Amino acid sequence: MNFTLFLIFLQMNTTNISFESPLTTEDISQIGLDINLVYEKYIPERFIIPKVLKTILYIFGFPGNVLACILWLQKPMLHSSGCYLAALAVSDVVFLIMSLMYDLTLYWKVKILDFPTICQLFPCLYLSVQYLSPLLTLAFTVERFISIRFPFKRRIYCNIKRAVCVILTLVSISLGVAGIQIYFWHYDYDSEECVYKLELVYLSEKWTWITECVMFIFVPVLILFFNILLVVTMRNSSRRAQELYGPMPPKQRTATTKMLLVVSFVLIFTTIPVSIVYSLKEKFPAGDYSYSIDSISDDVTWRRHLNFLLIQEVIYDIGLVHYACNFYLYLLIGKKFRLAIKKYFQKLSVMKLIDFKDRNSRSLRSSFTELRSFSWWTSCSCILDTFGHR
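This report concerns the structure included in the present document. Since this is a predicted model, take the numbers as computed values, not measurements. (Residues numbered from 1 in each chain as written. Predicted model: local features only at pLDDT ≥ 70, side-chain atom pairs only at ≥ 80, totals over all residues. Heavy atoms only, no water.)

1. Points about the overall build of the chain
Now for step 1: If you tally the helices and strands in the chain, you get 14 helices and two strands.
Now for step 2: For the chain, buried positions account for 42% of its 390 residues.
Now for step 3: In the chain, 77% of the contacts between residues at least 6 apart in sequence involve partners at least 24 apart.
Now for step 4: Carbon and sulfur atoms make up 66% of the accessible area of the chain, which totals about 21700 Å². (Helix = DSSP H or I, 4+ residues; strand = E, 2+ residues; numbered from the N terminus. Buried < 20%, exposed > 50% of the residue type's maximum accessible area, 1.4 Å probe, protein only. Contact = heavy atoms within 4.5 Å. Areas by Shrake-Rupley, 256 points an atom, 1.4 Å probe, with all protein chains shown as cover.)

2. Digging into the state of the cysteines
Now for step 1: Under the criterion given, the structure shown has one disulfide.
Now for step 2: The partner cysteine of Cys-119 in its disulfide is Cys-194, sulfur to sulfur 1.9 Å. The S-S bond linking Cys-119 to Cys-194 shows a torsion near 75°; that makes this disulfide right-handed. Taken as a pair, Cys-119 in helix 6 (residues 118–149) and Cys-194 in strand 2 (residues 193–196) lie far apart in primary sequence, 75 residues in all. We note that Cys-119, like Cys-194, is buried. (Disulfide = S-S within 2.5 Å.)

3. Quick word on the environment of Leu-78
Now for step 1: Here Leu-78 is to be found in the loop between helix 4 (45–72) and helix 5 (80–106).
Now for step 2: Separated by 82 residues in the primary sequence, Leu-78 and Ile-160 have C-alpha atoms spaced 8.2 Å apart.
Now for step 3: Excluding anything up to four places from it in sequence, Leu-78 contacts Trp-72, Leu-73, Cys-83 and Ile-160.

4. Topic: a positive patch on the surface
Now for step 1: Residues Arg-149, Arg-235, Arg-239 and Arg-240 make up a contiguous surface patch of positive charge.
Now for step 2: Per-element tally for the positive patch: the top contributor is helix 10 (residues 201–245), with three residues.
Now for step 3: If you trace the backbone, Arg-149 turns up in helix 6.
Now for step 4: Owing to a relative accessible area of 43%, Arg-149 belongs among the partly exposed residues under this scheme. (Patch = residues over 30% accessible without salt bridge, like charges linked within 9 Å, V, L, I, M, F, W, Y side chains within 5 Å. Salt bridge = Lys/Arg side-chain N within 4 Å of Asp/Glu carboxyl O. Lys, Arg positive; Asp, Glu negative; His and termini not counted. Charge placed at Lys NZ, Arg CZ, Asp CG, Glu CD.)

5. Focus: the pattern of salt bridges
Now for step 1: For the structure shown, the criterion picks out one salt bridge.
Now for step 2: Residue Lys-54 is joined to Asp-103 by a salt bridge in which the shortest nitrogen-to-oxygen separation is 3.1 Å. Separated by 49 residues along the polypeptide, Lys-54 in helix 4 and Asp-103 in helix 5 bring together distant segments of the chain.
Now for step 3: Given a relative accessible area of 4%, Asp-103 falls into the buried group.

6. Let's talk about the packing of aromatic side chains
Each aromatic ring pair is summarised here by two numbers: the centre-to-centre distance and the angle between the ring planes.
Now for step 1: What the rule picks out here adds up to 22 aromatic pairs.
Now for step 2: An angle of 90° between the planes, with centres 5.4 Å apart, marks the rings of Trp-72 and Tyr-330 as edge-to-face. Taken together, the residues Trp-72 in helix 4 and Tyr-330 in helix 13 (residues 326–333) connect sequence positions 258 residues apart. Across the pair, Tyr-330 and Trp-72 agree in class, each one buried. (Phe/Tyr/Trp six-rings, centres within 6.5 Å; stacked < 30°, edge-to-face > 60°.)

7. Some details on the nonpolar core
Now for step 1: Judged by nonpolar contacts, the single largest core of 50 residues is most densely connected at Trp-72, Leu-136 and Tyr-330.
Now for step 2: Where this core is concerned, the elements lending two or more residues are helix 4, helix 5, helix 6, helix 8 (160–178), helix 10, helix 11 (252–279), helix 13 and helix 14 (335–389).
Now for step 3: The residues contacting Trp-72, other than those within four sequence positions of it, are Met-77, Leu-78, His-79, Gly-82, Leu-85, Ala-86, Met-259, Tyr-330 and Phe-337.
Now for step 4: Core analysis: the next-biggest nonpolar cluster, separate from the first, contains 27 residues, Tyr-39, Val-129, Ile-296 and Leu-306 among them. (Core = buried A, V, L, I, M, F, W, Y, C linked by side-chain atoms within 4.5 Å.)

See the structure below:
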C-alpha cells in the first residue's frame, strides 16, 4: 500500500542519497548499516523502476482524468453513472498529485512534506483518496446492478441527485476513516522533520491494518461479487428477451454497463494483488542487522527479503495503473464516449475559429474607424488651411 511505503520513508535515515548509481561498500561502511542504504546497494532497481513507471503514469494520467471529468459532466454524458465516473476522475487526479509529491520527496529529494500542517494533513488526504477509488467503484457497480436487476426502481435509486448524495457520503467516510492519521503524526521543530508518534505505533498499526483490509480486500471482493451478479443478470435478461422477441440489437444502456464492468474489473485485478503482497510482507523479514554489509548477500534471509521487496515494488507500481487508465478504457470501449470527445474537440475548434474571426472583425472595425477618423481630421485640416490662405 502507498501508506506503508510512506511510513517506511518517514522513518528512514534522512541522509542525502543519490539513487542514480549504487553505493560502494566503503561509502556504506562509513555511514553504518542502514536499511535504506542496504536496499540502494543490493536492489537499486527498487528506486529506478518507480521513477520510470510513475513518470509514464503521470504523463498519461493527468490529461486523461481531466478530460474524463470534463466529458462526464457535460450533456448527454451527465447522468447518475457519469457523476460517479466524474468523481472518480477527480479522485484519481488528486491521488496523482499527492503521489507526485510523495515521489518528489522520496526519489528526487525535494523537500515538500517536512513542514508543519502539511506533515499531518498529507497522510490523511493521501489515504482518503485511495479509499475513495474502490468505494466509488463499488457505488456505481451497485447502481448499475439496481438499474439492470430492478428496472422499475431505476428512477428512484439511479438519478443524479441520489448519486451526488452518495458521492458526498463516500467522501465523508473516506476523510473520517483517514482523519485519525492527523493524530498519529507531528512536526518535530528540533529536527525539522515529520515524525511518527512512537507512543501510538501499536494503535496506528492495528488501525491501518484493519482499514486497509476493509478498503483494499473486502471492498474489491464485494465489487467482484456484484459484478458477477450483474453479468448473470444481464445474461438471463438477454436470454429471456431473445425468447420473447427474437434477436435484438444491443441497447446503449448495455454498452455503458459493459464499460463500467471493465473499469471495475481493472480496479479489482490491480488492487487485490497489491493487498496480497502487502499481507505477505511479514513472511519475508529482514535478516540479522549484526551482519556486515558484505555478508548480507550471502545470507538466505536477507536474499529472500530483498527479492521480495523488488517484486513488491513492481506489483505495487503496476497496481497504480487504474488511477491513470480509466479515460483510455472509456475511449476503447465506449462508443458514446468517443462521440462525445469528438464533439467536444469539434466544439473547441469552432469556438477558437469564431474567436479568431471576432478578433479579426474587431481589428478591421478598429482599423476602419481609425482610417475614417484620420480622413475626417485630414479634411478639416485642408479646409482650415484654405480659409487661412484667404
